[in-house]
Amino acid sequence: GDYQDWDELERPAIRLSDPHRKAGFRIESFSGRRVIFRRLRGPYSKLSSAGMDVEDIWGPLFEHAEAQGLSYDLEQLIGICHDDPYVTDEDKIRFDACLAVDGFSETTDQIGQRFLPESDCVVRRHFNGFEEIENTFAFIGVEWLPAKGYLLQTRPPFEVYQCQRIQGQLVRISTDAFVPLQSAQ
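Just so you know, these numbers come straight off a predicted model, no measurement behind them. (Residues numbered from 1 in each chain as written. Predicted model: local features only at pLDDT ≥ 70, side-chain atom pairs only at ≥ 80, totals over all residues. Heavy atoms only, no water.)

Undergrad: Describe the packing of aromatic side chains, and please don't skip the residues or the numbers.
TA: Under the criterion given, the structure shown has eight aromatic pairs. Aromatic rings pair up to connect Phe30, Phe158 and Phe178 into one cluster. Between the NZ or CZ atom of Arg114 and the centre of the ring of Phe37, over which it lies, the distance is 4.0 Å. (Phe/Tyr/Trp six-rings, centres within 6.5 Å; stacked < 30°, edge-to-face > 60°. Lys NZ or Arg CZ within 6 Å of the ring centre and 35° of its normal.)

Undergrad: Can you explain the pattern of salt bridges? Please cite residues and give values.
TA: Close approach of charged atoms lets side chains of opposite charge pair. Per the counting criterion, the structure on display carries eight salt bridges. Two residues, Asp96 and Arg39, come together in a salt bridge whose shortest N-O distance is 2.7 Å. On the criterion of sequence distance, the pair formed by Asp96 in strand S4 (residues 94-100) and Arg39 in strand S2 (residues 33-41) is long-range, its members being 57 residues apart. Among the residues examined, Asp96 registers a relative accessible area of 0% and is labelled buried. Overlapping salt bridges, with partners in common, bring together Arg26, Glu28, Arg125 and Asp176 in one network. (Salt bridge = Lys/Arg side-chain N within 4 Å of Asp/Glu carboxyl O. Helix = DSSP H or I, 4+ residues; strand = E, 2+ residues; numbered from the N terminus. Buried < 20%, exposed > 50% of the residue type's maximum accessible area, 1.4 Å probe, protein only.)

Undergrad: For the nonpolar core, give the residues involved together with the corresponding values.
TA: Counting 33 residues, the largest nonpolar core has Trp58, Leu77, Phe95, Leu99 and Trp144 as its most contacted members. Breaking this core down by element, the ones donating at least two residues are S2, helix H1 (44-47), helix H2 (54-68), strand S3 (76-81), S4, helix H3 (130-148), strand S8 (158-166) and strand S9 (169-183). Each residue touching Trp144, except ones within four places of it in the same chain, is listed here: Phe25, Ile27, Val122, Phe139, Tyr150 and Leu181. In this structure, Phe37, Ile78, Val123 and Phe158 belong to the second largest nonpolar core, which totals 12 residues. (Core = buried A, V, L, I, M, F, W, Y, C linked by side-chain atoms within 4.5 Å. Contact = heavy atoms within 4.5 Å.)

See below:
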């Protein structure tokens with residue numbers, strides 16, 4: 001009936017740009033941070049389209065932090081990728097744009113707050129498009145974790161964007177993809 005052999009299923013290819021396929025991974029301790037956030041829904045590719053830049057995504061968070069008198073670093077922005085785009089319907093994919101702040105904030109219908117706990121993570125830096133980050137997350141789960149003796153934590157992966165103001169516009173320079181880990185022992 002409904003049974004389909006695993007080898008016949010269509011599976012996404014996991015490709016990292018050669019020759020860097022296995023290069024650039026490191027274990028790093030992520031220090032806990034208080035963040036304010038706004039949730040966006042839809043495919044991750046929508047976030048990197050020409051119509052949405054860094055200020056479109058994080059601008060409401062900058063405004064909220066300033067209205068609340070909170071300090072923040074606009075050169076380090078955080079994105080939490082809750083859902084695997086290979087198994088989640090596009091309209092159900094959740095992305096939290098986060099801004100680390102120095103204190104407590106009032107929440108609104110559009111902006112919440114949370115604490116991102118400290119954890120050890122496998123990290124890889126990216127300078128290219130977001131599709132490479134998606135491939136990195138897949139590679140970590142399928143190849144890197146089993147080979148290195150770690151398990152995933154129950155927390156979602158996240159990204160830290162290094163940004164700079166260039167000619168008055170906030171521009172992403174690089175992105176570190178973080179996957180929270182726990183020891184397999």
